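So you can see what is in the structure, the chains are spelled out below.
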Amino acid sequence: MCGIVGYIGDRNAQEILTGGLRRLEYRGYDSAGIVTTNDAGKATRLRAKGKVAELDEKVLAHKKTDHVGIGHTRWATHGVPSERNAHPHRVGAIYLVHNGIIENYRDIKELLTTKGYAFNSDTDTEVLTALVDLFYKTQSTKNLLAAVSEALQMAVGAYGIAVLAADSPEELVVARKGSPLVIGVSEGEVYVASDPSALVGHTDQVIYLKDGEIATCRREGVELYDIATNVVEKVVEKLELDLQAIQKKGFDHFLLKEIYEQPDTLRSTLSGRVQLEGMYAKLGGLNMSDKELSEVEHVLVVGCGTAYYAGQLASYYIEQCSDKVTVQVAIASELRYRSFNLPKNTVALVVSQSGETADTHACLRELQKRGIRCLGIVNAVGSTIAREVDGGVYVHVGAEISVASTKAFTSQVAAMLLFGLVVAQAKGAGKQEIGAYLQELDALPDEITRIIEEHAEEMKQLAKTYASYEHALFMGRDTMFPVALEGALKLKEISYIQAEGYAAGELKHGPIALVDDRFFEVALVADNLLYEKSMSNLIEINARGGHTIVLTDSDKPIDAEAVVRISTKLKLLSPLLFNVLLQLFAYHMAVERGNDVDQPRNLAKSVTVE
Ligand code: M6R
């Protein structure tokens, strides 16, 4: 989604800002812009529709030696992607970049219009800029902090903003409510970003802004305030992210790198948490006593997109671990607006790679309001959700740059399974009952490595055969069902093929009507009790001339257009292997179709508006 950068110091601000925006490209955007000012208060604003490369060309034609500025990548919400709607917006001396949505912008616009303001864009951001200008220019002292504070006290909605007054080039003012901002501090300079990856290589000393905080950034340092400009104590933390983590390391795309990284990232998730000697699972950050764990009766899993599907798969495992626990999985954007009841002793698992997804975050707040203990299953350290939960499990997969989530899924499932095991242990489950899961978790990274080695080329060739289709059906039963959903999501978001995931048993209840020459069907067939049932679904599709691809760990004869056979010792966690193959399939389909694999059209990495 939108990205913010800011800089004040002695280096070239145009270079720092465009470099920062390139780091944020992975988040998805449709236009970009920067403004810098010189010491005499002359501002240079450059904006472009499209990629940062278009902006680079403008910078080349208008090079400046300015040392202060702000920049933005915009993902359109109000108004089409265009230079006119791109940030920074300017009204009078005020330049402003904004992530989020100002919900009452129409009311504010009306008010400003009566005061003589006219608007050049269709955005809520320009309205906020004008409001800051109104307060700024009516003050005798031209105090930017006070002007921003007054404007934000009128604004309803979510925002991360960075503001610059051209006639006061010695400071930037930044603020957040519901949209992340991090400030990087270094000797004589200050960096601002909506995502820590833009700070990597500049400084590892960071201040995460909390909701409702405003900061002034000057060369001499940063001051924090609440919305009413009362001073707030600042905490400087170490940023745990390095350059290596945000580079492609020889892969053609971040997505492919992240698929291949999974054995290692999964090891990081499991490290210290799977104890084979003694046969127990251990999670350090739950902030729950054994007694509290033993009292858990219901688990609510909340997330969006891939995180939601990870929750679905994990729900099977958590219920298998203990017959004394029920599990419910909810799409965050649905849960937040419906009336719902939860049984006593519920614990919520709030699942998010970025830790910034607006709907998931809203659920967290709602659940906490109801007194439900919320645990985060989060990747991004220091993110909003990670900071607000009552405890949780970091999945530790490192930066996930590709918009399509891959390595996070695998580790989210593993982390939730570990939670299920920890609860089962506390309820008295024997070593033998949980031992099978621990052994499979322990073996999983190597199995993923082997499966990738053995089948990567096969998935590539399969993609060549099916890349020209426009429709696909994915189906599976039991734990393969969530994998079918996730496989379909992965395919649709990067290949733009219309793909649906179904519980195979639902086929006859509707989707089988779709089977014709324009479709191909991916059947995930596990060698288990449901094997025969899955086979009859396949026969039904074949009988209607379907183009079936079967992924299976069975060695029995199968009649299908293509069969991918994996051999694995895993029985419980084999769905995660199937999922890795579907990730590879989606990747190669997208490459075959010439798509922008890492930044698919219309998508954003972290969805910070609902
Ligand atoms: O950062 P989160 O895990 O909260 O993101 C949730 C979804 O937006 C995300 O999984 C999305 O569906 C991905 N593009 C899937 O690949």
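Please read all numbers here as calculations on a predicted model, not as lab measurements. (Residues numbered from 1 in each chain as written. Predicted model: local features only at pLDDT ≥ 70, side-chain atom pairs only at ≥ 80, totals over all residues. Heavy atoms only, no water.)

(A) Spatial organisation of the overall build of the protein chain. Within the protein chain one finds 17 helices and 27 strands. Its C-alpha atoms give the protein chain a radius of gyration of 26 Å, within 12% of the compact-globule value 25 Å for 610 residues. Taken along its principal axes, the extent of the C-alpha atoms in the protein chain is 80 × 55 × 45 Å. Counting every position in the protein chain, which comprises 610 residues, the buried fraction comes to 60%. Within the structure as shown, the protein chain displays about 23300 Å² of accessible surface, and the carbon and sulfur contribution to it stands at 48%. (Helix = DSSP H or I, 4+ residues; strand = E, 2+ residues; numbered from the N terminus. Rg over C-alpha atoms; globule rule 2.2 N^0.38 Å. Buried < 20%, exposed > 50% of the residue type's maximum accessible area, 1.4 Å probe, protein only. Areas by Shrake-Rupley, 256 points an atom, 1.4 Å probe, with all protein chains shown as cover.)

(B) A look at the domain arrangement of the protein chain. Looking at the protein chain, the domain boundaries give domain 1 (3–245) and domain 2 (254–592). For domain 1 versus domain 2, the separation of C-alpha centres amounts to 37 Å. Where domain 1 abuts domain 2, roughly 910 Å² becomes buried across the two surfaces, and 48% of that area is made up of carbon and sulfur atoms. Where domain 1 touches domain 2, the interface holds 2 salt bridges. Glu-237 is the partner of Arg-387 in a salt bridge, and the nearest nitrogen-oxygen pair spans 2.9 Å. Counting across the interface, domain 1 meets domain 2 through 3 residue pairs in polar contact (both at pLDDT 80 or more). (Domains from an automatic or database assignment. Buried area = accessible area lost by both parts, 1.4 Å probe. Salt bridge = Lys/Arg side-chain N within 4 Å of Asp/Glu carboxyl O. Polar contact = N/O pair within 3.5 Å; in protein donor to acceptor, adjacent residues only side chain to side chain.)

(C) Representation of the site of the ligand. Around the ligand, the surrounding shell holds 13 residues, and the nearest of these are Ser-352, Gln-353, Ser-354, Thr-357 and Glu-493. The contact in question runs from an oxygen atom of the ligand to an N or O atom on the backbone of Thr-306, over 3.1 Å. Gln-353 is positioned such that a nitrogen or oxygen atom in its backbone is 2.7 Å from an oxygen atom of the ligand. Contributing elements (two or more residues each) for the shell around the ligand: α9 (305–321) and α15 (480–495). Here the element with the most residues in the shell around the ligand is α9; it accounts for 3 residues. (Near = heavy atom within 4 Å.)

(D) Structural view of helix α11 (residues 358–369). Helix length check: α11, at 12 residues, gives a terminal C-alpha distance of 17 Å against a target of 16 Å (1.5 Å per residue), a fit within 8%. Of the positions making up α11, those classed as buried are Ala-358, Asp-359, Thr-360, His-361, Cys-363, Leu-364 and Leu-367. The inward-facing, buried residues of α11 abut β18 (298–303), α10 (332–335), β20 (346–352), β21 (373–378) and α12 (384–388). Just past α11, the residue Gly-371 takes up positive phi, approximately 80°. (Expected span 1.5 Å × (residues − 1). Contact = heavy atoms within 4.5 Å.)

(E) Spotlight on the state of the cysteines. Inspection of the entire model under this criterion finds 0 disulfides. Of all cysteine sulfurs in the structure, the one in Cys-304 sits closest to Cys-2, which takes part in no disulfide; the separation is 17 Å. For Cys-2, a relative accessible area of 10% translates into the label buried. (Disulfide = S-S within 2.5 Å.)

(F) Geometry of the environment of Ala-93. With respect to the helices, strands and loops of the structure, Ala-93 is situated in the loop between β5 (89–91) and β6 (94–102). A relative accessible area of 18% means that Ala-93 is categorised as buried.

(G) Quick look at the nonpolar core. Membership of the largest hydrophobic core comes to 100 residues, with the highest contact counts inside it found for Phe-419, Leu-421, Leu-491, Phe-520 and Phe-585. Ranked by the residues each element gives to this core, the list is headed by helix α14 (residues 431–466), at 14 residues. If we skip the residues at most four places from it in the chain, Phe-520 touches Tyr-466, Tyr-469, His-471, Ala-472, Leu-473, Leu-491, His-547, Ile-549, Phe-585 and Met-589. Residues Ile-108, Ala-130, Ala-147 and Leu-152 belong to the second largest nonpolar core, which totals 32 residues. (Core = buried A, V, L, I, M, F, W, Y, C linked by side-chain atoms within 4.5 Å.)

(H) Molecular detail of empty space enclosed by the protein. For the structure shown, the criterion picks out 5 cavities of 30 Å³ or more. What lines the largest cavity is simply Cys-2, Arg-74, Trp-75, Thr-77, His-78, His-87, His-98, Gly-100, Thr-123, Asp-124 and Thr-125. Counting residues per element, the ones that place at least two in the lining of the largest cavity are β6 and α4 (124–137). Of the residues in the lining of the largest cavity, the class split is 2 nonpolar, 7 polar and 2 charged. (1 Å grid on protein atoms, 1.4 Å probe; cavity = no way out; pocket = protein on both sides within 12 Å on 5 of 7 lines; lining within 4 Å. Points joined across faces, edges and corners; volume = space filled by probe spheres on them. Nonpolar A, V, L, I, M, F, W, Y, C, P; charged D, E, K, R; others polar.)

(I) Region of the structure containing the pattern of salt bridges. Evaluation of the coordinates by the stated rule reveals 34 salt bridges. For Arg-218, the salt bridge identified is with Glu-171, shortest N-O distance 3.2 Å. Of this pair, Arg-218 sits in strand β12 (residues 213–218) while Glu-171 sits in the loop between β7 (157–165) and β8 (172–177), placing them 47 residues apart in sequence. In this structure, Glu-297 engages Lys-344 in a salt bridge whose closest nitrogen and oxygen atoms are separated by 3.7 Å. With Glu-297 in the loop between α8 (290–294) and β18 and Lys-344 in the loop between α10 and β20, this pair connects stretches of sequence that are 47 residues apart. For Glu-297, a relative accessible area of 33% corresponds to the partly exposed category. Salt bridges linked by common partners bring Arg-176, Asp-211, Arg-365 and Glu-388 together as one network.

(J) Representation of the pairing of β21 in the model. For β21, the tally of buried residues reaches 5 of 6 residues, placing the bulk of the element in the interior. Two strands pair when backbone bridges link them, and β20 and β21 are joined in this way by 6 bridges, in the parallel orientation. Opposite Ser-352, over in β21, you have Val-378 as the bridge partner. For the segment spanning β20, α11 and β21, crossover handedness is right-handed. Pairing geometry for β21 and strand β22 (residues 391–394), over 4 bridges, is parallel. (Pairing = 2+ DSSP bridges. Right-handed = clockwise from strand over helix to strand, strands pointing away.)

(K) Fine view of the packing of helix α13 (residues 407–426) against helix α17 (residues 574–592). It is the contact of α13 with α17, at a shortest axis distance of 10 Å, that shows an interaxial angle of 170°. Judged on the interaxial angle alone, α17 and α13 are roughly antiparallel. Between α13 and α17, the contacting residues are Phe-409, Thr-410 and Val-413 on the first element and Leu-576, Asn-579 and Gln-583 on the second. Along the lines of polarity and charge, the residues of the contact of α13 with α17 split into 3 nonpolar, 3 polar and no charged. (Axes fitted to C-alpha atoms, helices over the stretch in contact; angles between N-to-C directions. Parallel < 35°, antiparallel > 145°, perpendicular 65-115°, else oblique.)

(L) Representation of the sheet that holds strand β24 (residues 498–503) in the model. Read across the open sheet, the 5 strands follow the order β24-β23-β25-β26-β27; overall the sheet is parallel. Among the strands making up the open sheet, the edge pair consists of β24 and β27 (562–565). Direction aside, the axes of adjacent strands within the sheet are offset by 15° on average. Bridge analysis of strand β26 (residues 548–552) against β27 gives 4 bridges, and the strand direction is parallel. From the neighbouring strand, Thr-552 faces β27, where its bridge partner is Arg-565.

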